[in-house]
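Residues per chain are reported as follows:
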Amino acid sequence: MGFYPSWWYKNYGISYNKEYYHDPDYRVDAFQKQQKILYERFGDVGLGKPDPQPEPFVDYGMVLLPAVFGCEIKFFDDAIPWAMPLNLTEKEIFELKVPDILNTYPMTDIIKQMDYLESKYGRVTGSINTTGVLNLGLKLRGDQLYLDFYENPELVHHLFNICTEAIIQLAQYVKSRTGMLAPAVTPMAPPEMYVLPDCTVVQISREVFEEFVLPYENRLSAVLRPFGIHHCGKADHMLEGYAKVQNLEFLEVGPMTDLKRLRELMPNIHVNARIDPVRMLNCTSEEIAEDVRRIIDTGAPYDKLSIDAVGCDYGTPDENVRAMLKTARDYSLERMAALQQ
Amino acid sequence: MAILEEIKNAIITYKPPLVKQYCQQALEQGYKPEEILEQGLIAGMNVIGEKFKRNEIFVPEVLIAAKATHAGLDVLKPLLSASQTNTRGKVVIGTVKDDYHDIGKNLVAMMLEGAGFKVIDLGMDVAPEKFIAAAKEHEADIVAMSCLITSTLNWVEATIKAFQEAGLRDKVKIMVGGGAVMEDYAREIGADGYGKNASEAVDVAKSLLKVS
C-alpha cells in the first residue's frame with residue numbers, strides 16, 4: 001500500500017517539493033516520520049514501523065534522465081515532480097547524443113547525496129527511476145513522436161537507441177552504488193531487479209510496440225538482469241507483446257488486466273496486480289474487496305502473485321485501505337487452504 | 001460520391017497528403033465544401049472515434065488521422081461559410097490547474113474538431129479564472145475539463161464553483177473526463193456531462209448541445 005504525495009502533504013504537511021529530492025537529511029527524516037505515522041494509523045493492518053530507523057535512500061521521482069537531457073522539472077508540495085517535454089525538432093533528434101550522465105546535473109547532485117549518505121550511515125539504498133524507452137522518448141520529442149511512428153520511423157529508432165543507452169548507463173551506475181534498481185519503480189519486485197517503467201506503452205498498439213519498442217526492451221533485458229516491467233493501466237492489448245520480451249521475470253499490471261490471459265501467455269513470471277487508486281478513492285470498501293478477490297480468483301499460482309495499491313490520494317477512506325489489505329491477506333489464505341484440500 | 005469515400009478512407013488509412021489531394025479533387029468535381037466536410041472528413045473521424053472507443057486503434061493512429069483531417073480542413077476552411085465553420089458548437093478545453101498530462105485532452109480536442117466543433121484549447125494547468133475568461137471571450141457552448149491525476153481533482157470542482165460564483169453556470173455546459181474522474185464524481189460535483197474517453201467525449205458534447 002502506498003500513498004501519493006498529496007496524501008502526505010494534506011494530512012501531515014510532509015512536502016515533496018524540491019527539498020525532498022535534493023536534501024537527503026530532509027528525505028530520510030520525512031521517511032522515518034512516515035513509517036511512524038503509518039504504524040499509528042494502519043499498524044493494525046501491517047503498515048509502518050513503531051520505531052523506524054533512518055533509511056538512507058536516494059530518490060528523484062521519474063525525472064532524472066529527462067532532467068539530464070535538459071527538460072525543465074516542475075516540483076510540487078503534493079505531487080511527484082513532472083518533466084516538461086523538450087519537443088526537440090527532427091534535426092535536434094538526429095544530432096542528439098547520450099549525455100555524460102554522471103557529470104550532468106542533477107545526477108551530479110544525486111552522486112553527492114550518495115557519497116554523503118554513505119559517509120553518514122555506512123550505506124546508501126534506494127534507486128533512481130530511469131523512465132522507460134517510450135516514456136523518455138516522449139519527454140524528448142513530445143507528442144510528435146506518436147506521429148513519427150508513421151511518418152519518420154528512422155527518427156524513432158535513432159531516438160530509442162539513445163534512450164536505451166542512457167537508461168543502461170544510469171541503471172548500471174545506480175546498481176553499483178546501492179545494489180538496487182526496483183524500489184523507485186515498484187516496492188513489489190526484488191530490490192536488485194531492473195523494472196522498466198512502461199507507463200506510456202498503454203497508449204500505443206501492440207503492432208507499434210513490437211516494431212518500435214520491443215527491440216529496445218530486449219536490449220535492456222539482455223543487459224539489466226534480473227528484468228521486469230511495470231505497465232500502467234490495463235495491459236490486455238499488450239499481453240502478446242510482453243510475451244515476446246526476453247528474460248522477463250516480473251510484470252506489474254494495472255487495474256482490471258485479464259490475469260487469466262496473462263497466465264496463459266506467461267505462466268512462469270511473477271505478476272503484481274495493482275488496485276486502481278481512483279477506485280480506492282471513490283468506491284466502497286466492499287467494491288475494493290471485490291477488486292482484490294477478483295485478482296486472487298484469476299491470478300494463481302499464488303507463489304507468483306502479489307497485489308498492491310499505490311498512489312492513493314488524499315481523501316482515500318481508511319476503511320478502503322483496510323479492506324484492501326485485509327481482503328488480500330484473508331482471501332488469499334482461504335484460497336490457498338482450499339487448494340490444499 | 002466516390003471521391004468522398006476516398007477522403008474518408010484516406011483518413012482511416014492515415015494518409016494526410018491524400019486527404020488534401022482528394023479534397024481538392026472533390027472541389028474541382030463540384031462538391032460543396034460542406035458536403036466534403038460532413039461526408040468525407042467528419043465521416044472518416046467518426047470511424048476513427050468508434051475504433052478508438054473499441055480499443056482497435058490507439059493514440060498514434062488517432063493523431064495521424066486528425067492530422068489527415070486537418071490537411072483536408074485547410075483546403076476547405078477558406079471556402080466554408082462562417083456558419084459552417086462551427087456547425088456543432090464552441091468548446092473551450094483544458095487540463096485543470098496543476099495537471100500537466102495533456103495527451104488525453106489533446107485527443108478530445110482533435111476528435112471534437114473532427115466532429116465539427118470549434119475548439120479553443122487552453123492547454124495545461126488551467127486555473128478556473130482562465131476557463132471563465134476564455135468561455136466569456138469565445139462565447140463557449142461547452143467548457144471541457146480534463147484531469148488525469150487524483151491530486152488535481154479538487155480543481156475540477158473548484159472550476160465549476162467558480163462558474164457558479166461568476167454567474168455563468170447556466171450559460172455553459174460543463175463536461176469532465178480523464179483518468180482521475182469517475183462518472184459518479186462528475187455528477188456529484190455538478191458537471192453536465194462525463195466522457196470516459198475521447199470518443200465518448202464527442203458523443204457527450206453532441207448530446208449536451210442536442211446536435212447530431
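Residues numbered from 1 in each chain as written. Chains lettered and ligands numbered in written order. Predicted model: local features only at pLDDT ≥ 70, side-chain atom pairs only at ≥ 80, totals over all residues.

Colleague: Looking at this structure, I do not really get the overall build of chain A. What am I missing?
Modeller: Per the secondary structure count, chain A includes 15 helices and nine strands. The C-alpha radius of gyration computed for chain A amounts to 20 Å, which stays within 12% of the reference 20 Å derived for 341 residues, consistent with globular compactness. Sorting the 341 residues of chain A into buried and exposed places 46% on the buried side. Intrachain contacts of chain A at a sequence separation of at least 6 include 65% that bridge at least 24 residues. (Helix = DSSP H or I, 4+ residues; strand = E, 2+ residues; numbered from the N terminus. Rg over C-alpha atoms; globule rule 2.2 N^0.38 Å. Buried ≥ 20, exposed ≤ 12 C-beta atoms within 10 Å, placed from the backbone. Contact = placed C-beta atoms within 7 Å.)

Colleague: Explain the overall build of chain B here, please?
Modeller: Across its full length, chain B carries 10 helices and five strands. In terms of overall size, chain B behaves like a compact globule, its C-alpha atoms giving a radius of gyration of 17 Å where 212 residues would be expected to give roughly 17 Å. In terms of its C-alpha atoms, chain B occupies a principal-axis envelope of roughly 55 × 35 × 25 Å. For chain B, with 212 residues in total, the buried portion stands at 52%. The contacts in chain B between residues at least 6 apart in sequence include a share of 74% that link residues at least 24 apart.

Colleague: Is there a simple way to think about the nonpolar core in this case?
Modeller: Across soluble globular proteins, you tend to see nonpolar side chains buried next to one another. Of all hydrophobic cores here, the largest spans 174 residues; its most connected members are Met324(A), Val62(B) and Leu112(B). The dominant element in this core, judged by the number of residues it contributes, is helix α4 (residues 59-76) of chain B, at 11 residues. Composition of this core by domain shows at least three residues from each of domain 1 (2-84) and domain 2 (86-209) of chain B. Not counting residues up to four positions away in its chain, the partners in contact with Met324(A) are Met1(A), Ile275(A), Met280(A), Ile288(A), Val292(A) and Ala309(A). (Core = buried A, V, L, I, M, F, W, Y, C linked by C-beta atoms within 7 Å. Domains from an automatic or database assignment.)

Colleague: For this particular structure, what's the right way to read the interface of chain A and chain B?
Modeller: Note: interface size is frequently given as the accessible area lost on complex formation between the parts. Tallying the contact residues gives 22 residues for chain A and 21 residues for chain B. Taken together, the elements giving at least two residues each to the side of chain A that touches chain B come down to α8 (144-151) and α13 (277-282) of chain A. Class assignment for the residues of the side of chain A that touches chain B results in 14 nonpolar, five polar and three charged. (Nonpolar A, V, L, I, M, F, W, Y, C, P; charged D, E, K, R; others polar.)

Colleague: Would you mind going over the environment of Glu38(B) with me for this structure?
Modeller: Position of Glu38(B) relative to the elements: it lies in helix α3 (residues 33-53). Sequence separation of Glu38(B) and Lys130(B) is 92 residues, and the distance between their C-alpha atoms is 32 Å.

Colleague: How should the sheet that holds strand β4 (residues 173-177) of chain B be read in this particular structure?
Modeller: Hydrogen bonds between backbone atoms are what pair the strands of a sheet, whose relative direction is either parallel or antiparallel. Residue and element names in this part refer to chain B. Taken in spatial order, the five strands line up as β2-β1-β3-β4-β5 in an open sheet, and their pairing is parallel. Where the open sheet ends on each side, the last strands, each with one partner, are β2 (118-121) and β5 (193-195). Each strand of the sheet is rotated relative to its neighbour by a mean of 25 degrees, with strand direction disregarded. In the sheet, strand β1 (residues 90-95) pairs with strand β3 (residues 142-146) via five bridges, with the strands oriented parallel. Each residue of the ladder has a partner; that of Ile93, found in β3, is Ala144. Seen against the sheet, helix α6 (residues 103-114) touches β1, β2, β3 and β4 and runs at an angle of roughly 170 degrees to β1. (Pairing = 2+ DSSP bridges. Axes fitted to C-alpha atoms, helices over the stretch in contact; angles between N-to-C directions.)

Colleague: How should the domain arrangement of chain B be read in this particular structure?
Modeller: All names here are of chain B. Split into domains, chain B comes out as domain 1 (2-84) and domain 2 (86-209). Placing a centre on the C-alpha atoms of domain 1 and another on those of domain 2 gives a separation of 25 Å. At the interface, 11 residues of domain 1 touch 13 residues of domain 2. At the level of secondary structure, the elements contributing two or more residues to the side of domain 1 that touches domain 2 comprise α3 and α4. Broken down by element, the side of domain 1 that touches domain 2 gets its largest block of residues, six residues, from α3. Classifying every residue of the side of domain 1 that touches domain 2 gives six nonpolar, three polar and two charged.

Colleague: Would you mind going over unusual backbone geometry with me for this structure?
Modeller: Peptide bonds are, in most cases, trans, and in most cases residues other than glycine have a negative phi. Residues and elements named next belong to chain A. In this model, Arg225 is joined to Pro226 through a cis peptide bond whose omega is 0 degrees. Tracing the backbone through its elements, the reader meets Pro226 in the loop between α10 (206-223) and β6 (227-230). The linkage connecting Ala300 with the following residue, Pro301, adopts the cis geometry, with an omega of 10 degrees. Of note, Pro301 is situated in the loop between α14 (285-298) and β9 (305-308).

Colleague: Help me out: how do you make sense of helix α6 (residues 107-121) of chain A in this one?
Modeller: Since one α-helical turn is 3.6 residues long, residues separated by three or four positions face the same way. Residues and elements named next belong to chain A. For α6, built from 15 residues, the straight-helix expectation of 21 Å at 1.5 Å per residue is met to within 8% by its first-to-last C-alpha distance of 21 Å. Of the residues making up α6, those classed as buried are Met107, Ile110, Gln113, Met114 and Leu117. Buried residues of α6, seen end-on, are gathered within an arc of 110 degrees and therefore sit on one face of the element. In α6, the exposed positions angled more than 90 degrees off the buried face are occupied by Asp115 and Ser119. Contacts from the buried residues of α6 go to α3 (24-42), β1 (57-58), α4 (64-69) and α9 (153-178). One or two positions beyond α6, positive phi appears at Gly122, with a value near 80 degrees. (Expected span 1.5 Å × (residues − 1). Arc of directions from axis to C-beta.)

Colleague: What is the right way to read the sheet that holds strand β8 (residues 270-274) of chain A from this model?
Modeller: Residue and element names in this part refer to chain A. Spatial strand order, β5-β6-β7-β8-β9: five strands in an open sheet with parallel pairing. Only two strands of the sheet have a single neighbouring strand rather than two, namely β5 (194-197) and β9. In this sheet, neighbouring strand axes are inclined to one another by 20 degrees on average, regardless of whether the strands run parallel or antiparallel. In this sheet, β8 lies alongside strand β7 (residues 248-253) in parallel orientation, the contact comprising four bridges. In the strand pairing of β8, Leu251 is matched with Val271.

Colleague: Would you mind showing me how to read the packing of helix α7 (residues 133-141) of chain A against α9(A) here?
Modeller: Relative orientation and spacing of two packed helices are given, respectively, by the angle between their axes and the distance between those axes. Residues and elements named next belong to chain A. It is the contact of α7 with α9, at a shortest axis distance of 9 Å, that shows an interaxial angle of 120 degrees. It follows that α7 is oblique to α9 by the angle criterion. Considering the relative orientation of α7 and α9, their crossing is right-handed. In contact with Val133, Leu136, Gly137, Leu140 and Arg141 of α7, α9 contributes Leu159, Phe160, Cys163, Thr164 and Ile167. (Parallel < 35°, antiparallel > 145°, perpendicular 65-115°, else oblique. Left-handed = near helix turned anticlockwise from the far one by under 90°.)

Colleague: Even after reading the chapter, I still don't get the environment of Asn87(A), so can you show me in this structure?
Modeller: All names here are of chain A. Structurally, Asn87 is set in the loop between β3 (82-83) and α5 (90-95). What makes Asn87 partly exposed here is the crowd of 14 C-beta atoms within 10 Å. Along the sequence, Asn87 and Thr257 sit 170 residues apart, while their C-alpha atoms lie 32 Å from each other.

Colleague: What's the story with α3(B) in this structure? I'm lost.
Modeller: Residues and elements named next belong to chain B. When the terminal C-alpha atoms of α3 are compared, their 28 Å separation across 21 residues agrees well with the 30 Å that a helix rising 1.5 Å per residue should span. The largest bend along α3 measures about 30 degrees and falls at Ile42. Every buried residue of α3 is accounted for by Ile36, Leu37, Gly40, Leu41, Ile42, Gly44, Met45, Ile48, Gly49 and Phe52. Phi turns positive one or two residues past the end of α3, at Asn55, with a value near 60 degrees. (Bend = angle between axes of the 7 residues up to and from the residue.)

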